[in-house]
Amino acid sequence: MANVLSESLPEQTFQYQSSLPPLPVPSLESSLNKYLDAVHPFASEEEFKATVDVVRKFQEGVGKELHQKLLQRAKTKKNWLEKWWLDSAYLEVRVPSQLNVNFAGPGPYLEHWWPPAEGVYLQRASLNAWFTLQYWDLIRTEKLAPQKAGKVPLDMDQFRMLFCTCKVPGVQKDTIYNYFSTEREGPCPSHLVVMCHGRIFTFDAICDGQILTPPELLRQLSYIKERCEREPEGEGVAALTSEERTRWAKAREHLISIDPHNKTILETIQSSLFIISLDETKPYSTPENYTNLTLEALTGNPTIRWGDKSYNAVVFSDGTFGSICDHAPYDAMVLVSMCWYLDQQIKATEGKWKGSDAVRPMPLPEELVFTVDSQVQHDISLAKKQYMETAQDLQILCYAFTAFGKAAIRQKKLHPDTFVQLAVQLAYYRIHKGPGSCYETAMTRKFYHGRTETMRPCTQEAVNWCKAMLDPTCDVSAKRKAMLLAFKRHNTLMAEAQEGQGFDRHLFGLYLIAKEEGRPTPELFMDPLYTKSGGGGNFVLSSSLVGYTTVLGAVAPMVHHGYGFFYRIRDDRIVISMSAWKSCHQTDACTLFNNFSSSMHEMLHMATTSQL
């Protein structure tokens, strides 16, 4: 009987956490062989021979020792990578987070009930916030269903980081503050922070134990909006979060030293559920062209978003939405899951509130006013200046490729994600007359606290295929054969990466052990081919499949001469956001998109002919 009962009970969000397997450590030999395969496309014969020597020397010498130490570390930690990754990939990084590290994206609601419109944005913002609060409640009560890959449960720990979470800058290294608790664990902050016209307000999202209804949220937002319209702009202290990390840490220390109340305000912002940014702009977008919305979400007004907050919900005055999030505490799939939930709720309710219009008596929002001096004002204007310069240098395109999508690709018995990745490889090869090191995110959430592994799509097989495509003497069947080999290789590597059998994080771990022990950097990491093939965060193409939903995001390129390439795959279309730096004259997102579109058509044509 007990068994039957347990099966009928709904699964709890975090119920599988303790039974997830630890993150594995691959064998040294397999990682080094994969590394050699990965650098091969970027090497001449002499270079490759030299690298093989470096790798063999590493394998028999210092690498062997470092690997043993990594195995020791993995015995005592369920995830040997977790802290290292958080520190090195995020918290120790000193470049400004807001444009370089944060991810942002457009709300898909304009595709159905919420197209751009005048005079509706506060109503929509209230309903959107209400659904977001329902999602918070699902996580807090552990009713959000745990995600799975087939039947295998995935790690849900990152969902704890969506609400009540903020990064706090440090002179050498930042820290993540997470104030979230499930109901079982205890109380959790329930206040929201709203930013508008450079000013900051807060109010509680709960009244008498009940989440505020959309009409009640509307009352609070309208009060804030009216005050901001008739009173002067605020100081825009939020802009400091867009600064280089050490400068922001020092500016923050100064801010606290002026008045202890400033520290209280900072803690109110840090612990808040999330930020609602009321934005004056109207970034007109359509289901086929999300460019303005995506650009505004990622590079918009720095005085009305808190760059270090795990979630800023941006509401534009034409009734469209965007979001911008700190990348340190979680990966994009957490936000994608929530926005997909919001999208489905908005669709189901036709974007309208159908409940009671009654508004309970409750305290009005309170303004949070920092005490500032001339030094803080100077810091703010410097932060805005550097932010605007970088923001203006970022090129973002976000278009729908509408010729075909998942349905047509699946019909050819090909994997849609691999299809898109190879199309990008071909597009890059055409433009730049050679291979480009490429990073695709592989998810390792099958493992305890797993986040990501690198999958490198620029395989020797992909390059051979690109060469065949550009060779006028090569016939269609040879091109097709090369394409299918590239598909096969990509699929194998992706499957291995998801099983924790990639090599990038492993090598990274070996590098960090050497560094922590004060040893000289092993020769392997000094080899020019290590960087040329993308190692050490030098990938020219950084890419990610955001999923098969309506939710998309964008991130800046990893390197100055690189591209960001993010996409979502639907039955009838593929929506893509691409980023590049304008100050690099070798790259142009528009050219990449056009070449990508041509590649897609050519590949489908080739896959079609293959059945004749």
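Computed from a prediction, not measured in an experiment: that's the story for all the values here.

Some thoughts on the overall build of the protein chain
Link 1 in the chain: Assigned secondary structure in the protein chain consists of 21 helices and 19 strands.
Link 2 in the chain: A globule of 612 residues ought to have a C-alpha radius of gyration of about 25 Å, and the protein chain, at 25 Å, matches this closely.
Link 3 in the chain: Summed over its atoms, the accessible surface of the protein chain is roughly 24,800 Å², and 54% of this surface lies on carbon and sulfur atoms.
Link 4 in the chain: In the protein chain, the 64 positive side-chain charges and the 69 negative ones have mean positions that sit 4 Å from each other.

What to know about the packing of aromatic side chains
Link 1 in the chain: A full pass over the atoms with the stated rule returns 27 aromatic pairs.
Link 2 in the chain: Each ring, one from Y109 and one from W114, has its centre 6.0 Å from the other, and the planes form 80°; the classification is edge-to-face. Neither Y109 nor W114 differs from the other in exposure class; each is buried.
Link 3 in the chain: On the numbers, 5.2 Å between centres and 65° between planes, the contact of Y511 with F525 is edge-to-face. Pair noted here: Y511 is in helix α18 (residues 504-516) and F525 is in helix α19 (residues 523-526), with a separation of 14 residues, a long-range link.
Link 4 in the chain: Look at F525 and you get buried, because its relative accessible area is 8%.
Link 5 in the chain: What links up through ring pairs into an aromatic cluster is the set F401, F404, F419, F487, F565, Y567 and F596.
Link 6 in the chain: In this arrangement the basic side chain of R160 is found over the ring face of F14, its NZ or CZ atom lying 5.4 Å from the centre.
Link 7 in the chain: Lying across the ring of W85, R505 places its NZ or CZ 3.9 Å from the centre.

Here's the deal with the nonpolar core
Note on soluble globular proteins: their nonpolar side chains tend to be buried together.
Link 1 in the chain: With 82 residues, the main nonpolar core has F419, W465, L524, F565, I576, F596 and M600 as its most contacted residues.
Link 2 in the chain: With sequence-adjacent residues up to four places away left out, F596 is seen in contact with V420, A423, V424, A427, F565, I576 and M578.
Link 3 in the chain: Counting 78 residues, the second largest nonpolar core, distinct from the first, contains L221, M338, I346 and V575.

Focus on the pairing of strand β19 (residues 574-581)
Link 1 in the chain: Summarising burial for β19: 8 of the 8 residues are buried, a large majority.
Link 2 in the chain: Burial of β19 is two-sided: the residues I574, I576, M578 and A580 facing one way and the residues V575, S577, S579 and W581 facing the other way are all buried.
Link 3 in the chain: The sheet contact formed by strand β14 (residues 394-401) and β19 spans 8 bridges and is antiparallel. The residue bridging F401 from the neighbouring strand is I574, located in β19.
Link 4 in the chain: Counted along the chain from strand β18 (residues 563-569) to the antiparallel partner β19, the turn is 4 residues long.

A look at the sheet that holds strand β17 (residues 541-547)
Link 1 in the chain: Strands sit in the order β14-β19-β18-β17-β15-β16 across an open sheet of 6 strands; the sheet is mixed. What marks the edges here is a single partner per strand, and that holds for β14 and β16 (452-455). Averaged over all adjacent pairs, the angle separating strand axes in this sheet is 20°, with direction ignored.
Link 2 in the chain: Here β18 pairs with β19 via 7 bridges, running antiparallel. Each residue of the ladder has a partner; that of Y567, found in β19, is I576.
Link 3 in the chain: Along the sheet, α18 contacts β15 (438-443) and β16; its crossing angle with β16, the most-contacted strand, is approximately 110°.

Some points on the packing of helix α16 (residues 460-469) against helix α17 (residues 476-498)
Link 1 in the chain: Interaxial distance between α16 and α17 falls to 8 Å at its minimum, and their mutual angle equals 160°. Taken together, α16 and α17 sit at an angle that is classed as roughly antiparallel. For the pair α16 and α17, the crossing hand works out as left-handed. Contact residues: α16 offers E461, A462, W465, A468 and M469, while α17 offers K479, A482, M483, L485, A486 and R489.
Link 2 in the chain: Class assignment for the residues of the contact of α16 with α17 results in 8 nonpolar, no polar and 3 charged.

Observations regarding the sheet that holds strand β6 (residues 191-196)
Strands pair in a sheet through their backbones, by hydrogen bonds, and they do so in one of two ways: parallel or antiparallel.
Link 1 in the chain: If you walk across this open sheet you meet the 7 strands as β1-β12-β11-β10-β6-β7-β13, and the pairing is mixed. In the strand order of this sheet, the two ends are held by β1 (103-106) and β13 (366-367), each with one partner.
Link 2 in the chain: Sheet analysis places strand β10 (residues 275-279) next to strand β11 (residues 312-316), joined by 5 bridges and oriented parallel. Paired with S277 across the two strands is V314, which belongs to β11.

Observations regarding the packing of helix α15 (residues 416-432) against α17
Link 1 in the chain: α17 packs onto α15 with a crossing angle of 115° between their chain directions and a minimal axis gap of 10 Å. Here α15 and α17 pass one another in a crossing that is right-handed. Facing D417, T418, F419, Q421 and L422 of α15, the residues of α17 in contact are M483, A486, F487, H490, N491 and M494.
Link 2 in the chain: Residue classes in the contact of α15 with α17 are distributed as 6 nonpolar, 4 polar and 1 charged.

Structural notes on helix α12 (residues 332-348)
Link 1 in the chain: Look at α12: 24 Å from first C-alpha to last across 17 residues, which is about the 24 Å you get at 1.5 Å a residue.
Link 2 in the chain: Among all positions in α12, only V334, L335, V336, S337, M338, C339, Y341, L342, D343 and I346 are buried.
Link 3 in the chain: Residues of α12 that are buried in the fold lie against β1, α7 (121-140), β12 (321-325) and β17.
Link 4 in the chain: Note on α12: the residue one or two positions beyond its end, E350, has a positive phi of about 55°.

Quick word on helix α8 (residues 214-230)
Link 1 in the chain: For α8, with 17 residues, the first-to-last C-alpha span of 24 Å sits near the 24 Å given by 1.5 Å per residue.
Link 2 in the chain: Those residues of α8 not exposed but buried are P214, P215, E216, L217, Q220, L221, S222, I224, K225, R227 and C228.
Link 3 in the chain: On the buried face of α8, the contacting elements are α7, β6, β7 (199-204), β9 (210-211), β10 and β13.

Digging into the confidence of the model for the protein chain
Link 1 in the chain: Overall, the prediction assigns the protein chain a mean pLDDT of 97, with 98% of residues at 70 or greater.
Link 2 in the chain: Here residues 1-5 scores under 50 on pLDDT; set against residues more than four positions off or in separate chains, the count is 0 contacts.

Here is what the cut-offs are and how they apply
- Residues numbered from 1 in each chain as written.
- Predicted model: local features only at pLDDT ≥ 70, side-chain atom pairs only at ≥ 80, totals over all residues.
- Heavy atoms only, no water.
- Helix = DSSP H or I, 4+ residues; strand = E, 2+ residues; numbered from the N terminus.
- Rg over C-alpha atoms; globule rule 2.2 N^0.38 Å.
- Areas by Shrake-Rupley, 256 points an atom, 1.4 Å probe, with all protein chains shown as cover.
- Lys, Arg positive; Asp, Glu negative; His and termini not counted.
- Charge placed at Lys NZ, Arg CZ, Asp CG, Glu CD.
- Phe/Tyr/Trp six-rings, centres within 6.5 Å; stacked < 30°, edge-to-face > 60°.
- Buried < 20%, exposed > 50% of the residue type's maximum accessible area, 1.4 Å probe, protein only.
- Lys NZ or Arg CZ within 6 Å of the ring centre and 35° of its normal.
- Core = buried A, V, L, I, M, F, W, Y, C linked by side-chain atoms within 4.5 Å.
- Contact = heavy atoms within 4.5 Å.
- Pairing = 2+ DSSP bridges.
- Axes fitted to C-alpha atoms, helices over the stretch in contact; angles between N-to-C directions.
- Parallel < 35°, antiparallel > 145°, perpendicular 65-115°, else oblique.
- Left-handed = near helix turned anticlockwise from the far one by under 90°.
- Nonpolar A, V, L, I, M, F, W, Y, C, P; charged D, E, K, R; others polar.
- Expected span 1.5 Å × (residues − 1).
- pLDDT = per-residue confidence, 0-100.

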